[in-house]
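# Examining the three-dimensional arrangement
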Amino acid sequence: TSLAGFPRPERHFTPKSNWINDPNGLFFDGLNYHLYFQHNPHGIDHGNMSWGHALSTDLVHWGEQPIAIMHDEAADIFSGSIVVDESNTSGLGDGINAPVVALYTAAATDESNQAQALAYSLDGGTTFTKYQGNPVLDRGSKNFRDPKVFRYGSGESACWVMVTVEAEERKVLIYQSTNLIDWEFASEFGPQAAVDGVWECPDLFPLQVENSDKVRWILLVSLNPGGVAGGSGTQYFIGDFNGATFTPQSRKEQWHSEIFSQIGQDNWLDWGRDFYAGVTFFGLPEERKTLIAWMSNWDYARELPHRGWRGSMSTARQLSLIETEQGLQVRQQFLGTSLENPQAFSFTDAETEIDIAGPTLLNASIVNNAAGPIRLGLRRNDGSLISEVTISQQWLLHRREAGITKHELYPSVQRMPLPVSTDDSLQLQILLDHGSIEILAANGLRSLTDQLVGEAVPSYLSISCASGSTIDITLFEASESEKDL
Ligand code: FRU
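Just so we're clear, the structure is a prediction, and the values are computed from it rather than from any experiment. (Residues numbered from 1 in each chain as written. Predicted model: local features only at pLDDT ≥ 70, side-chain atom pairs only at ≥ 80, totals over all residues. Heavy atoms only, no water.)

The next point concerns the overall build of the protein. Helix and strand counts for the protein stand at 2 helices and 31 strands. The globule rule puts the C-alpha radius of gyration for 485 residues at 23 Å, and the 22 Å found for the protein is close to it. If you line up the protein on its principal axes, its C-alpha atoms span 70 × 55 × 40 Å. The burial tally for the protein puts 59% of its 485 residues in the buried class. Long-range pairs, those at least 24 residues apart, make up 61% of the contacts in the protein with a sequence separation of at least 6. When the accessible surface of the protein is totalled, it reaches about 19,000 Å², and 47% of it is carbon and sulfur. For the protein, the distance from the average site of its 32 positive side-chain charges to the average site of its 61 negative ones is 4 Å. (Helix = DSSP H or I, 4+ residues; strand = E, 2+ residues; numbered from the N terminus. Rg over C-alpha atoms; globule rule 2.2 N^0.38 Å. Buried < 20%, exposed > 50% of the residue type's maximum accessible area, 1.4 Å probe, protein only. Contact = heavy atoms within 4.5 Å. Areas by Shrake-Rupley, 256 points an atom, 1.4 Å probe, with all protein chains shown as cover. Lys, Arg positive; Asp, Glu negative; His and termini not counted. Charge placed at Lys NZ, Arg CZ, Asp CG, Glu CD.)

As summarised here, the arrangement of the 4 strands in space is β5-β6-β7-β8, forming an open sheet in which the pairing is antiparallel. With one partner strand each, in any of the chains shown, β5 (75-84) and β8 (129-130) form the two edges of the open sheet. (Pairing = 2+ DSSP bridges.)

Time to look at the site of the ligand. Neighbouring the ligand are the residues N21, D22, Q38, H46, F78, S79, R145, D146, E200, Y276 and W298. Between the ligand and S79, the relevant distance is 3.1 Å, taken from an oxygen atom to a main-chain nitrogen or oxygen of the residue. At a separation of 2.9 Å, an oxygen atom of the ligand approaches a polar side-chain atom of W298. Here the ligand, which alone exposes 320 Å², has 96% of that area covered by the protein. Class assignment of the residues belonging to the shell around the ligand gives a composition of 3 nonpolar, 4 polar and 4 charged. (Near = heavy atom within 4 Å. Polar contact = N/O pair within 3.5 Å; in protein donor to acceptor, adjacent residues only side chain to side chain. Nonpolar A, V, L, I, M, F, W, Y, C, P; charged D, E, K, R; others polar.)

Moving on to the sheet that holds strand β3 (residues 50-56). Judged by pairing direction, the sheet is mixed, and its 5 strands sit side by side in the order β4-β3-β2-β1-β19 without closing on themselves. This sheet does not close on itself; its edge strands, each paired only once, are β4 (63-69) and β19 (309-310). Strand direction decides the pairing type here: β3 and β4, joined by 4 bridges, are antiparallel. The residue bridging H53 from the neighbouring strand is Q65, located in β4.

With that settled, the discussion passes to the side chain of R170. Inspection of the secondary structure puts R170 in the loop between β10 (159-166) and β11 (171-177). By relative accessible area, R170 is classed as buried at 18%. A polar contact is formed between the side chain of R170 and the backbone oxygen of E168, at a distance of 2.8 Å. Here the side chain of R170 touches G197 through a polar contact of 3.1 Å, landing on its backbone oxygen.

So, about the domain arrangement of the protein. By a frequent convention, interface size equals the accessible area lost on bringing the separate parts together. Its domain assignment divides the protein into domain 1 (18-334) and domain 2 (340-484). Each of domain 1 and domain 2 has a C-alpha centre, and these two points are 30 Å apart. Listed as interface residues are 31 residues of domain 1 and, on the opposing side, 33 residues of domain 2. At the boundary of domain 1 with domain 2, total buried surface from both sides reaches about 2,600 Å², with 56% on carbon and sulfur atoms. For the domain 1 face of the interface with domain 2, the top three residues by lost area are W271, M295 and F334, together amounting to 24%. Scanning the region where domain 1 abuts domain 2 turns up 2 salt bridges. (Domains from an automatic or database assignment. Buried area = accessible area lost by both parts, 1.4 Å probe. Salt bridge = Lys/Arg side-chain N within 4 Å of Asp/Glu carboxyl O.)

Further remarks concern the nonpolar core. Within the largest apolar cluster, 57 residues are counted, with the highest numbers of intra-cluster contacts made by V172, L204, F246, I391, L396, L428 and I473. The element best represented in this core is strand β31 (residues 460-477), accounting for 6 residues. Discounting chain neighbours no more than four positions away, the residues touching F246 are I174, S187, F189, L204, W217, L219, F237, I238, G239, D240 and F241. (Core = buried A, V, L, I, M, F, W, Y, C linked by side-chain atoms within 4.5 Å.)

With that settled, consider the pattern of salt bridges. The full count for this structure, using the stated rule, is 19 salt bridges. The closest approach of N and O atoms between E210 and R331, which form a salt bridge, is 3.6 Å. Of the two residues, E210 sits in the loop between β13 (198-208) and β14 (215-224) while R331 sits in strand β21 (residues 327-334), which places them 121 residues apart along the sequence. As a salt-bridge pair, R317 and E438 come within 2.9 Å of each other at their nearest N and O atoms. On the criterion of sequence distance, the pair formed by R317 in strand β20 (residues 317-324) and E438 in strand β29 (residues 436-441) is long-range, its members being 121 residues apart. For R317, a relative accessible area of 0% corresponds to the buried category. Several salt bridges converge on common partners, so that one network encompasses R375, E388, R399 and E401.

Below is the structure:
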């Protein structure tokens, strides 16, 4: 259902009502994807933080469930993660069901302390009981948060690993445990690379380098402010992990990223304004590493106009690791996008328009040998501009108009450098839903995500492509069955 002038996204999770921010506790139980999220059950602003809950079988359509972990007088339930404790290492099981264990930050309501706490579920993640011995990890810090837990190793030597942050110190802290309850400090990482804001919501996981036996570990660190597009952003490090210590890749391997750094470009998971606190699912095989992020930015998240609900999640993306001419890079692919009713277009030297009927995936292949850039204007029915994507040989820009938003930081231009390529065509995917644009460029090696607050999917695209360039576009609609939901 959509409210006039403020349509609800069809392909992204939004809450029925009230505020949301970070995705939490993502896990797959073999049948359902579970998405928990930072939620204020009583209001449209950040506060009374609790874990909301939603279920999906396709990562596109989500059914909201009752609140999973409710805040109490003493503490808000800040971000964290979930693991399924199959072999009952925690002893919290009932002998029938494997305990589903949530590690979250208990953030004292008087802001005096942040510590890691545990809650467990014996009904597959529907209802949770807070552990009596909470907190399970307390350093007497005011900014110690966002535990992400995973299983490391196999057999006898397997253990649980937790990555957390000392947010103000720009440090990732790593702990180990055999039972999810007693945690021992293992190592710390940082400050490194982008440090102009607090470090939040870390994640650490292995990815096999495509077409090779090599495995590398990816450390994600969200930071706010200091993101590449201003405000909240997510950087990543590539390296090794031995169960205790994360070591970023060698100087030689980093050579290309260093060149990047010299011109002020670290490794960013996304170059847009609205892709924050992204974390991956527990319970999926490594080759299906799947991430969801909060599609907003602390620069303005609290002040955006709304119609009873505020905030949405990004499209789920699958992550892989690719050897490129500029070293190893993370690739993203949209998940759950159906490829229904393709419509193909091809332009050379043209000023054209293409109608858009609803949520749409656009695949484009661009050969740009022209002096000028290619422009895609996202336009409303009356011809007015919602935003514009400009593609030159080295850059992709997204310029967003203010629309109905009055916040001074909202209208903006995002710049994304395109990778150097021996192939002279650029592959582009653009996912349009009500309220957002998500762009994957260079086969997913670059990502740019922006909200388009209060905007319906554009009525049409205006395309201008100067002499010497060609653009082949295929549009895919959301399928009929999906539209019915
Ligand atoms: C990130 C964050 C986390 C914290 C949560 C509180 O957006 O600030 O560090 O746990 O939001 O809602």
